[in-house]
Amino acid sequence: MADKLVIKVTAGADAPERCSQAFTVAAVAAASGVEVSLWLTGESAWFALPGKAAEFELPHAAPLPDLIDAILAAGSVTLCTQCAARRDISEKDTLEGIRIAGAQVFVSEIMPDGVQALVY
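Model, not experiment: these values are computed from the prediction. Here the residue numbers are simple positions, counted from 1 along each chain's written sequence. Confidence filtering applies because this is a predicted model: local features only for residues at pLDDT of at least 70, side-chain atom pairs given and counted only at 80 or more, and all residues used for totals across whole chains, interfaces and linings. With hydrogens and water set aside, each side-chain value is computed from the structure's full complement of heavy atoms.

### Notes on the sheet that holds strand 3 (residues 76–80)
Alright, step 1. By definition, two strands form a pair when at least two bridges between them are found by DSSP. In this description a helix means any DSSP run of H or I spanning at least four residues, a strand means any run of E spanning at least two, and both kinds are numbered starting from the N terminus. Pairing within the open sheet is parallel, and its 5 strands lie in the order 4-3-2-1-5. Where the open sheet ends on each side, the last strands, each with one partner, are strand 4 (98–101) and strand 5 (115–119). Strand-to-strand, the axes of this sheet are offset by a mean angle of 25°, without reference to chain direction.
Alright, step 2. Taken together, the 4 bridges between strand 2 (residues 35–40) and strand 3 define a ladder with parallel strand orientation. In the strand pairing of strand 3, Leu40 is matched with Leu79.
Alright, step 3. Relative to strand 1 (residues 4–9), helix 1 (residues 16–31) is tilted by about 160°, and along the sheet it contacts strand 1, strand 2 and strand 5. Interaxial angles span 0 to 180 degrees and are taken between N-to-C directions of axes, which are lines fitted to C-alpha atoms, for helices over the stretch in contact. Only heavy atoms enter the contact rule, under which two residues are in contact if any of them lie within 4.5 Å.

Structure, rendered in structure tokens:
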């Protein structure tokens, strides 16, 4: 069994079911005691900003702000450096606890033994 779960979510409001699945899996894993690292890339980058997750709606899905809070409480959330730059987002703009990092950090997280990586 993997010791750590790294999830990269590329979808946002443009693909709400895929987006919600990524956040839900990350939150459930974190609540189950799994070490979780969630990466926000592409359109999900917007959810690093205060209030943006509250704008996301998907029937029968857990509220995105609650999922983000659960992930941050037990794991980590990272915003892709290039995705942030393309959207003029800096660390001072993001929710507390979200870091900005790039591909080198992502690769260093997914390569060790005992890590499972998922992309949504």
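### Structural notes on the packing of helix 1 against helix 2 (residues 64–74)
Alright, step 1. Closest axis-to-axis distance for the helix 1/helix 2 pair is 9 Å, and the angle between their directions is 40°. When the axes of helix 1 and helix 2 are compared, the pair comes out oblique. Regarding helix 1 and helix 2, the two cross each other, and that crossing is left-handed. Residues Phe23, Thr24, Ala26, Ala27 and Ala30 of helix 1 touch helix 2, and the partners they reach there are Leu64, Leu67, Ile68, Ala70, Ile71 and Ala74.
Alright, step 2. By the convention adopted, Pro, Cys, Tyr, Trp, Phe, Met, Ile, Leu, Val and Ala count as nonpolar, Lys, Arg, Asp and Glu as charged, and the other residues, Gly among them, as polar. Across the contact of helix 1 with helix 2, the residue classes tally to 10 nonpolar, 1 polar and no charged. Angle categories: roughly parallel below 35 degrees, roughly antiparallel above 145, roughly perpendicular from 65 to 115, and oblique for all the rest. Here is the rule for handedness: rotate from the far helix to the near one, and if that takes an anticlockwise turn smaller than a right angle the crossing is left-handed, while a clockwise turn gives right-handed.

### So, the nonpolar core
Alright, step 1. To form a nonpolar core, buried Ala, Val, Leu, Ile, Met, Phe, Trp, Tyr and Cys residues must be joined to one another through side-chain atoms within 4.5 Å. Only protein chains enter the accessibility calculation, which uses a 1.4 Å probe; a residue is then buried when its area is under 20% of its type maximum, exposed when over 50%, and partly exposed in between. Counting residues in hydrophobic clusters, the biggest one holds 33 residues, and the most contacted among them are Phe23, Leu38, Leu40, Phe47, Leu64, Ile71 and Leu79.
Alright, step 2. Listing elements by their share of this core, those giving two or more residues are strand 1, helix 1, strand 2, helix 2, strand 3 and helix 3 (81–86).
Alright, step 3. For this core, the element with the highest residue contribution is helix 1, accounting for 7 residues.
Alright, step 4. If sequence neighbours within four positions are ignored, Phe23 has contacts with Val9, Leu38, Leu40, Phe47, Leu64, Leu67, Ile68 and Ile71.

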